Protein chains: 2
Amino acid sequence: MTSLPPTLVVGCGLIGTSVALALREHGIDVHLRDRDPEHVAAAVERGAGSAEPVHDPALVVVAVPPRATAAAVREALETYPAAVVTDVASVKGSVARDVAGGAGLDRYVGSHPMAGSERSGPLAASARLFEGRPWVITPAAGATDAAVRLVEEVAVMLGAVPTVMDADTHDRAVALVSHVPQVLSTLTAARLVDAPPAHLALAGQGLRDVTRVAGSDPALWRDIITTNAEEIGAVLTAVRDDLDTLIDALRDRDVVGGVLEAGRVGTRAIPGKHGGEPVELVVVNVQVPDTPGALSRLFAHVGESGVNIEDLRIDHELGRPVGLVEIAVAADRADELVARLTERAWSAYR
Amino acid sequence: MTSLPPTLVVGCGLIGTSVALALREHGIDVHLRDRDPEHVAAAVERGAGSAEPVHDPALVVVAVPPRATAAAVREALETYPAAVVTDVASVKGSVARDVAGGAGLDRYVGSHPMAGSERSGPLAASARLFEGRPWVITPAAGATDAAVRLVEEVAVMLGAVPTVMDADTHDRAVALVSHVPQVLSTLTAARLVDAPPAHLALAGQGLRDVTRVAGSDPALWRDIITTNAEEIGAVLTAVRDDLDTLIDALRDRDVVGGVLEAGRVGTRAIPGKHGGEPVELVVVNVQVPDTPGALSRLFAHVGESGVNIEDLRIDHELGRPVGLVEIAVAADRADELVARLTERAWSAYR
């Protein structure tokens, strides 16, 4: 793969520049293009590649905003008749439909690296951005095996985990696991706009978790939602049916209990860490002073115990300079961890 | 306060036993009662107090399920004519209405310690449970100052942060910041029940955050929701209006953008750590092998840098034994932290 001939990255935003940086680390000759010359200059400055034109790229990565993607893919297929062309748009069906009927489609392989950041632009880019992330590849029926294989190899080279599915399946899946959760997080947060501060002062970690993604870039999400409207609409309509049922029966213990139980079952359907089966975890709570160094002492003691941390969070607390750290560990190791931390003078409990 | 005369705790579940354990640590004579003799025995075994009857308690803490609270408060006020009586139910207006008109109401002070656990029962109890948590106190108009002061002192003694508001305001506030987020988390998770595994394999941290609280005990939440139905219904109706607007205009960039912007503004209304103003944070991402000890090395190096961790999470990744740790720090310290961690051979980026 280090002999991969020149690659052209079209679009020097967060994703495009990150792809370019990662390819450069593998010694690949990367050329950069963007409508905005300042973006290209910033990406070049970061070492992401060259601003010189390229004559015969083996691969073109289209990393422009979703609404501009299909036109850029078509242009790349026409301009570079030997190149495999991929794009990174987060909605795939509309791109596939908009490029259909054009020339060179056997060389087009849509993809979606599921990575991002709360920041955008070339300065936020990182060669590490794709490590461990799913990278969905959505080849149309006409794509050659060689083209699909090349895009898979690039995903693996960048540390991602490639997964092949068709474009409509991808859009249905991300509507369910990403776009609709974004919408419901947003609707929860929107209710807080006019809330009195005394009400908001009672906010706990649950509210912060539910609304975290609602803090994301509205412009990016506006494009995603309007582009995947059909699949999102289908799921949201089902949510509205559940919501109607609940609003009409908020005093009915059977109805409310049934909805809550369905939600609990749903959480258990989410795969566990590293894509494996969900493991039974128990949370060990530890009080930690809110000062530099305290967490490093805590984790040194956790490390000594030999108990692996499966997940953790710091709970934000009201009105005192102490944090509650919640350490999730395998259920059969929790008592041992509490005992070891207590020996070390931590206030710990499960 | 260590001279506080005997206290009776009615209900030896998670909250009651935790209150009892914490009072015992302050040398207070605690008596325990529960309909279930096994719960009392377990709480006594844990050192939470005595199962012997008490004749003249100064304080009665009613910690029974929400639906049984009002009757238990009335009984306590009648049985112990010198005692201050408080309860810990998480919905306050219905309790206040159900006890109204009874005897001894000048000695009744409702309260709500905002603490919990994913576990329940006396074995899950901890004297530390209330540390740093809000403890809302909702005195009715007729309550004496001395009674209110006693409940506030107990909250402070247990490490909580007392906040006084009227019962209906409390219920409106928790509907907004706790109950409605729970419902929307549940409705998001309920859509996953029949999802194909290949779709769920694309789940990221966003979905996990939005649906985390949906994994909570359905029986407890059924009681909370049915008891606070009116306030929850008002907020959910507003959510449904927003949802209807969105479903009808999912391809309209202005409508979708407006909803997303309202959500982002809402997230900024949530108070920051320790109840202060929100601080601008930046996330530094660090790759960490998923082995015991790796996190302790990382936090030792973060500690050396002198940069304080404001929040952190471990991102669950698909298919590889490495974790992505997201460390939120003050925006003006992020570059420094990246530089220091990179010196120490961590793969870190913002």
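Residues numbered from 1 in each chain as written. Chains lettered and ligands numbered in written order. Predicted model: local features only at pLDDT ≥ 70, side-chain atom pairs only at ≥ 80, totals over all residues. Heavy atoms only, no water.

Draft legend 1. Inspection of the overall build of chain A at higher detail. Secondary structure summary: chain A contains 13 helices and 11 strands in total. If one aligns the C-alpha atoms of chain A with their principal axes, the spans along those axes are about 65 × 55 × 40 Å. Here chain A holds 350 residues, and 59% of them are scored as buried. For chain A, the accessible surface area stands at approximately 13,500 Å², while carbon and sulfur atoms represent 51% of it. Taking the 31 positively charged and 47 negatively charged side chains of chain A as two groups, their mean positions are separated by 4 Å. (Helix = DSSP H or I, 4+ residues; strand = E, 2+ residues; numbered from the N terminus. Buried < 20%, exposed > 50% of the residue type's maximum accessible area, 1.4 Å probe, protein only. Areas by Shrake-Rupley, 256 points an atom, 1.4 Å probe, with all protein chains shown as cover. Lys, Arg positive; Asp, Glu negative; His and termini not counted. Charge placed at Lys NZ, Arg CZ, Asp CG, Glu CD.)

Draft legend 2. Seen up close, the sheet that holds strand β4 (residues 84-87) of chain A. Residue and element names in this part refer to chain A. Read from one edge of the open sheet, seven strands run β2-β1-β3-β4-β5-β6-β7, paired in mixed fashion. Looking at which strands have only one partner, the edges of the open sheet turn out to be β2 (30-33) and β7 (161-164). Sheet twist, expressed as the average angle between the axes of neighbouring strands with direction ignored, equals 25 degrees. Here helix α1 (residues 14-25) sits on the sheet and contacts β1 (7-10), β2, β3 (59-62), β5 (108-113) and β6 (134-139); the angle it forms with β2, its principal contact strand, is near 165 degrees. (Pairing = 2+ DSSP bridges. Axes fitted to C-alpha atoms, helices over the stretch in contact; angles between N-to-C directions. Contact = heavy atoms within 4.5 Å.)

Draft legend 3. Geometry of the packing of aromatic side chains. All names here are of chain A. This model, assessed by the stated rule, comprises three aromatic pairs over all chains. Summarising the aromatic geometry, the rings of Phe 130 and Trp 135 are spaced 5.2 Å apart at their centres and angled 50 degrees between planes, so their arrangement reads as tilted. By relative accessible area, which is 3% here, Trp 135 ends up buried. (Phe/Tyr/Trp six-rings, centres within 6.5 Å; stacked < 30°, edge-to-face > 60°.)

Draft legend 4. Structural view of the interface of chain A and chain B. With 130 residues of chain A at the contact, the number on the chain B side is 130 residues. Between the two partners, chain A and chain B, sit eight salt bridges. Arg 253 of chain A is the salt-bridge partner of Asp 223 of chain B, the closest N and O atoms lying 2.5 Å from each other. Summed over the shared surface of chain A and chain B, the result is 12 residue pairs in polar contact (both at pLDDT 80 or more). A class-by-class count of the residues in the side of chain A that touches chain B yields 64 nonpolar, 33 polar and 33 charged. (Salt bridge = Lys/Arg side-chain N within 4 Å of Asp/Glu carboxyl O. Polar contact = N/O pair within 3.5 Å; in protein donor to acceptor, adjacent residues only side chain to side chain. Nonpolar A, V, L, I, M, F, W, Y, C, P; charged D, E, K, R; others polar.)

Draft legend 5. Region of the structure containing the environment of Leu 59 of chain A. All names here are of chain A. Mapped onto the secondary structure, Leu 59 falls in strand β3. Looking at Leu 59, the relative accessible area reads 1%, which means it is buried. Other than its neighbours up to four places away in sequence, Leu 59 contacts Pro 6, Thr 7, Leu 8, Ala 83, Val 84, Thr 86, Leu 150 and Val 154.

Draft legend 6. View of the relation of the copies chain A and chain B. Laying chain A over chain B is done by rotating through 180 degrees and shifting 0.0 Å along the axis; what remains is an RMSD of 0.1 Å. The transformation just described matches what one would write down for a two-fold rotation axis. Distance from the rotation axis, computed per C-alpha, reaches its smallest value in chain A at Val 210 of chain A: 2.0 Å. Of the interface residues in chain A, 100% have counterparts in chain B that sit at the interface too, so the contact is made through matching surfaces. (Least-squares fit on C-alpha atoms with pLDDT ≥ 70 in both.)

Draft legend 7. Region of interest: the environment of Arg 133 of chain B. All names here are of chain B. On the secondary structure map, Arg 133 appears in the loop between β5 (108-113) and β6 (134-139). Under the relative-accessibility criterion, Arg 133 is labelled buried at 14%. Distance from Arg 133 to Gly 110, taken between C-alpha atoms, is 17 Å for residues 23 residues apart in sequence.

Draft legend 8. Seen up close, the domain arrangement of chain A. Looking at chain A, the domain boundaries give domain 1 (7-165), domain 2 (170-270) and domain 3 (281-349). Look at where the C-alpha atoms of domain 1 of chain A and domain 3 of chain A centre, and you get two points 42 Å apart. (Domains from an automatic or database assignment.)

Draft legend 9. Here's a closer look at the pattern of salt bridges. In this structure the tally under the stated criterion is 27 salt bridges over all chains. The partner of Arg 333 of chain A in a salt bridge is Glu 336 of chain A, and the shortest N-O contact between them spans 2.9 Å. For Arg 333 of chain A, a relative accessible area of 28% gives the class partly exposed. A salt bridge links Asp 168 of chain B to Arg 97 of chain B, with the shortest nitrogen-to-oxygen separation between them at 3.5 Å. In this pair, Asp 168 of chain B is assigned in helix α6 (residues 167-190) and Arg 97 of chain B in helix α4 (residues 93-99), connecting sequence segments 71 residues apart.

Draft legend 10. Inspection of the pairing of strand β1 (residues 7-10) of chain B at higher detail. Residue and element names in this part refer to chain B. On β1, burial covers both faces: Thr 7 and Val 9 on one face and Leu 8 and Val 10 on the other are all buried. Across four bridges, β1 lies against strand β2 (residues 30-33) in parallel orientation. Bridge assignment links Leu 8 to a residue of β2, and that residue is His 31. In this fold, β1 hands off to helix α1 (residues 14-25), which returns the chain to β2; that crossover is right-handed. Pairing of β1 with strand β3 (residues 59-62), which is carried by four bridges, proceeds in the parallel orientation. (Right-handed = clockwise from strand over helix to strand, strands pointing away.)

Draft legend 11. Representation of unusual backbone geometry within the structure. Residue and element names in this part refer to chain A. The phi dihedral of Ala 345 is positive, around 75 degrees, even though this residue is not glycine. Turning to its location among the elements, Ala 345 is positioned in the loop between α13 (334-343) and β11 (348-349). Residue class for Ala 345 comes out exposed when judged on its relative accessible area of 72%.

Draft legend 12. Molecular detail of helix α3 (residues 66-79) of chain A. Residue and element names in this part refer to chain A. Taking 1.5 Å per residue as the helical rise, α3 with its 14 residues ought to reach 20 Å, and the 20 Å between its terminal C-alpha atoms agrees with that figure. Residues of α3 that are buried: Pro 66, Thr 69, Ala 70, Ala 72, Val 73, Ala 76 and Leu 77. Buried residues belonging to α3 abut β3, β4, α4 (93-99), β5 and α9 (218-227). (Expected span 1.5 Å × (residues − 1).)

Draft legend 13. Focus on the nonpolar core. Ranked by size, the top nonpolar core spans 70 residues in total, and within it Leu 202, Ile 225 and Leu 236 of chain A together with Leu 202, Ile 225 and Leu 236 of chain B carry the most contacts. Mapped by element, the contributors of at least two residues to this core are α6 (167-190), α9, α10 (229-248) and α11 (253-269) of chain A together with α6, α9 (218-227), α10 (229-247) and α11 (253-269) of chain B. In terms of nonpolar packing, the next biggest core, distinct from the first, is built from 44 residues, Val 286 of chain A together with Leu 298, Ile 314 and Ala 348 of chain B among them. (Core = buried A, V, L, I, M, F, W, Y, C linked by side-chain atoms within 4.5 Å.)

Draft legend 14. Examining the sheet that holds β2 of chain B more closely. Residue and element names in this part refer to chain B. One open sheet holds the seven strands; their spatial order is β2-β1-β3-β4-β5-β6-β7, and the pairing between them is mixed. The open sheet terminates on both sides in strands that have one partner only, identified here as β2 and β7 (161-164). Adjacent strand axes in the sheet meet at a mean angle of 25 degrees, parallel and antiparallel pairs treated alike. In this fold α1 packs onto β1, β2, β3, β5 and β6, with an angle of close to 165 degrees to the strand it touches most, β2.

Draft legend 15. Geometry of α6 of chain B. The largest bend in α6 of chain B amounts to roughly 50 degrees and is located at Ala 175 of chain B. Taken across its 24 residues, α6 of chain B has 21 buried, putting it largely inside the fold. (Bend = angle between axes of the 7 residues up to and from the residue.)

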